[in-house]
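Architecture and fold: a report
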Amino acid sequence: MEGSAAEELEAAERVVMRWDSTASSAGGDDQMLFDGAADRAEAERFLRAVDDLRRLAPPATVGTPRRAALQVAMARLEDEFRHVLSARALDLEIEALAGLSSLSISSSDPRNSDATEAAATGGDDDDTSSASSSVGRRSSYRSLQSIREIDLFPVDAISDLQAIASRMAAAGYGRECVQVYASVRKPAVDAALRRLGVEKLSIGDVQRLEWDALEAKIRRWIRAARAAVRGVFASERRLCFHIFHDLPLCTSTATATAADDAPFAEAVKGAALQLFGFAEAISIGRRSPEKLFKIIDLHDALADMLPDISDIFAASKAAESIYVQAAEIRSRLADAVRGILSEFENAVLRDPSKTPVPGGTIHPLTRYVMNYSTLISDYKATLSELIISRPSANSRTAAGGNEATPAFPDLDPPDPDSQLPLATHLVWIIVVLEHNLESKASLYKDAALSHLFFMNNVHYMVHKVKDSAELRGLIGDGYLKRLTGKFLQAATSYQRTAWLKILNCLRDEGLHVSGSFSSGISKSALRERFKAFNAAFEEAHRVQSVWYVPDTQLREELRILISDKLLPAYRSFLGRFRHHIENSRHPELYIKYTVEDLEIAMADFFEGSPPSSPHNRRRSHG
């Protein structure tokens, strides 16, 4: 080696050895080269010395002075790297990250960081002008600028970290550099997720939770996962890129990997597995109908994040397993949605007919199924993508296999291609409900009450379909017309069964006596007819006042329909025959009510509570 080169090498060794971390000399323990101070001269001098060692020193065996100097230099750089990572990180604005919704501004270019901060301060919680407040209902929506990368370190600190990492990698200490990086950034990432509300729960922990508690955790997880993926993980990815880009970080097999693969993966992999483990636990948990909509929310949130997860993880060989896991979880969530819908259909079919509901009112199953169906239609965007097959022939056969139950209508639409599989499922659910209600109606001993029960429930079903534009669009006007016909048929059957006997009391047949010298009317038969009418009406009043029609408009319409048939018939009968009774003894025993008395008593019908006697409510009659 020429004299000048040897002198440069010795000078470099002297600079390096002054910063020997293992020595007790001044500067080794309590001072740092890269402490962010304004005077950068010594740090620059040390880096030049490290470069000179590598440039000027011939290959040296372990133990030689020159090899020792290089080892001292690497030990010092390792300490400096750890110090910068630990001491100069910026405070992570978790509150701002927690506000990330499905719309954020990308700052993949560091020059956009100011614009990113300005955009973030104006964002809402889970609502933005471009995203629905119900994440589960906009599966097709995704912002093209959803990732928000924030600055984890000041620019000068990143410059120092890159400078140190490049020297360590060039000297063959890349793996040590990665280990130091991961040892500092992994706890920082874990802490960030904890601050976002991500809990450390095992799959077993999640599956043991009560559904109410789990439902709340799913809402929090969706919010936290967005912030973790689009803020924390994306920012870590960018940080690694800036520090390790194009550096040969050697692995144990002596092959160079992409610069930012290994440090990024080691820093975030544990936190990412913990984060997505929650969704995985939900995806393989017990399926039950009440879970459907929160699982759709979870599915949609994950589906919305998948392109970002791909951007962040899939490009990294060391971290692509995170993307693969997330995609598999999304697929399992989709399977869970399909399975739950099928389980719901079966649950409606199997709901046991035990005891009739009092008063023939709307059955809890009807309310549950129709509200559930309305929510299904609200999630049409997602479910139309996930539900790709129609109800199986097996389910129809099983439903109609009981000979004691009513036959099912043909569910095949005229033009199958014009109806979504989801729509067919909704029609099927309502048909199954209708079938079940017919079985429940048969539990009533009173045939009129059986018809009233079915009328009440089908009326509720019709109005739930009409009140939801989405549900009506899926069900279709053809099936709605058929359902309305069922309601009208039940109402007619109720009127005929409940009132035909009473109206028959007001007919002329059987009152006339052939060959009589008087008017031709049998007074005894007439008295019996009035007594029969009074008894029948009082029984109807006593019984049907306890029956309940919860819809006020339907209740009033039903009273009017009955009044329109009963009151004119009674008025006519009374007009034709009352003088025959009033001219006899004790007419009040037979003509107990005026038309107005009946009209007043009708107000008690279908109120669902025991009435006062018609005697107490009637008006005086002359």
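From a predicted model like this one, the values you see are computed outputs, not experimental measurements. (Residues numbered from 1 in each chain as written. Predicted model: local features only at pLDDT ≥ 70, side-chain atom pairs only at ≥ 80, totals over all residues. Heavy atoms only, no water.)

Turning our attention to the overall build of the protein chain. Looking only at helices and strands, the protein chain features 23 helices and 2 strands. When each of the 622 residues of the protein chain is scored for burial, the buried share is 48%. Long-range contacts, defined as pairs at least 24 residues apart, comprise 82% of the intrachain contacts of the protein chain with a sequence gap of at least 6. Of the roughly 29,000 Å² of accessible surface on the protein chain, a fraction of 51% belongs to carbon and sulfur atoms. (Helix = DSSP H or I, 4+ residues; strand = E, 2+ residues; numbered from the N terminus. Buried < 20%, exposed > 50% of the residue type's maximum accessible area, 1.4 Å probe, protein only. Contact = heavy atoms within 4.5 Å. Areas by Shrake-Rupley, 256 points an atom, 1.4 Å probe, with all protein chains shown as cover.)

The geometry of two aromatic rings is summed up by the distance between their centres and the angle between their planes. If you walk through the whole model with that rule in mind, you get 21 aromatic pairs. For the ring pair Y368 and Y372, a centre distance of 5.6 Å and an interplane angle of 50° mean the geometry is tilted. Taken together, the residues Y368 and Y372, both in helix α13 (residues 364-378) and 4 residues apart, mark about one turn of the helix. The class of Y368 is partly exposed, set by a relative accessible area of 39%. Among the aromatic residues, those joined into a ring-pair cluster are Y494, W499, F533, F537, W547, Y570, Y593, F605 and F606. The residue whose ring lies beneath R237 is F264, and the NZ or CZ to ring-centre distance is 5.1 Å. (Phe/Tyr/Trp six-rings, centres within 6.5 Å; stacked < 30°, edge-to-face > 60°. Lys NZ or Arg CZ within 6 Å of the ring centre and 35° of its normal.)

To continue, consider the packing of helix α9 (residues 211-244) against helix α10 (residues 261-283). Taken N-terminus to C-terminus, the directions of α9 and α10 make an angle of 170°; their axes are 10 Å apart at the nearest point. Relative to α10, α9 is oriented roughly antiparallel. Contact residues: L214, K217, I218, W221, A225, A228, V229, F233, E236, R237, C240 and F244 in α9; D261, P263, F264, V268, A271, A272, L275, F276, F278, A279 and I282 in α10. (Axes fitted to C-alpha atoms, helices over the stretch in contact; angles between N-to-C directions. Parallel < 35°, antiparallel > 145°, perpendicular 65-115°, else oblique.)

Residue placement: R555 occurs in helix α21 (residues 552-582). The class of R555 is buried, set by a relative accessible area of 12%. Apart from residues no more than four positions distant in its own chain, R555 is found in contact with Y548, V549, P550, F605, F606 and E607.

So, on to the packing of α10 against helix α11 (residues 292-314). With their axes 11 Å apart at the nearest point, α10 and α11 run at an angle of 160° to one another. Judged by the inter-axis angle, α10 sits roughly antiparallel to α11. In the packing of α10 onto α11, the handedness of the crossing is left-handed. Facing α10, whose interface residues are F264, V268, A272, F276, A279 and I282, α11 presents I295, L298, L302, I309, I312 and F313. (Left-handed = near helix turned anticlockwise from the far one by under 90°.)

The next thing to look at is helix α20 (residues 523-544). Here α20 contains 22 residues, and its C-alpha end-to-end distance of 31 Å stays within 8% of the 32 Å for a straight helix at 1.5 Å per residue. Residues L526, R529, F530, F533, N534, A536, F537, A540, H541, V543 and Q544 constitute the buried set of α20. (Expected span 1.5 Å × (residues − 1).)

So, about the pattern of salt bridges. Per the counting criterion, the structure on display carries 35 salt bridges. With its nearest N and O atoms 2.8 Å apart, the salt bridge here joins K440 to D351. You can see K440 sitting in helix α16 (residues 421-441) and its partner D351 sitting in the loop between α12 (320-350) and α13, a full 89 residues away along the chain. Overall, K440 belongs to the buried group, its relative accessible area being 2%. Assessed through its relative accessible area of 26%, D351 is described here as partly exposed. In this structure, E538 engages K592 in a salt bridge whose closest nitrogen and oxygen atoms are separated by 2.7 Å. Taken together, the residues span a long stretch of sequence, with E538 in helix α20 and K592 in the loop between α21 and α22 (595-602) at a distance of 54 residues. Taken together, the salt bridges that share partners define one network made up of R40, R88, D156 and D160. (Salt bridge = Lys/Arg side-chain N within 4 Å of Asp/Glu carboxyl O.)

Looking now at the environment of L452. With respect to the element layout, L452 can be found in helix α17 (residues 447-467). C-alpha separation for the pair L452 and A498, spaced 46 residues apart in sequence, amounts to 9.6 Å. When near neighbours in sequence (up to four residues on either side) are disregarded, L452 contacts G359, G360, Y494, W547, V549, L558 and F606.

This next bit is on the confidence of the model for the protein chain. Here the protein chain shows a mean pLDDT of 82. Residues at 70 or above account for 79%. Put simply, helix α5 (residues 113-121) is where the protein chain has its lowest mean pLDDT, 32, and α17 is where it has its highest, 97. Residue range residues 101-144 is modelled with pLDDT below 50. Its contacts to residues more than four positions away, or to other chains, number 84 contacts. For residues 397-416, every residue scores under 50 in pLDDT, and the model assigns this stretch 23 contacts once sequence neighbours within four places are set aside. (pLDDT = per-residue confidence, 0-100.)

Moving on, we come to the nonpolar core. Within the largest apolar cluster, 188 residues are counted, with the highest numbers of intra-cluster contacts made by F81, W221 and F233. A per-element tally of this core places α9 first, with 17 residues. Non-local contacts of F233, meaning those with residues more than four positions away in its chain, are made with V189, L193, A228, F264, V268, A271, A272, L275, I312 and F313. (Core = buried A, V, L, I, M, F, W, Y, C linked by side-chain atoms within 4.5 Å.)

Below, the discussion takes up the environment of D160. By the secondary structure assignment, D160 is in helix α6 (residues 155-170). Accessibility expressed as a relative area gives 4% for D160, which makes it buried. Sequence spacing of D160 and I243 is 83 residues, and the spatial spacing of their C-alpha atoms is 8.8 Å. With residues up to four places along the chain from it excluded, the contact list for D160 reads F34, R40 and R88.

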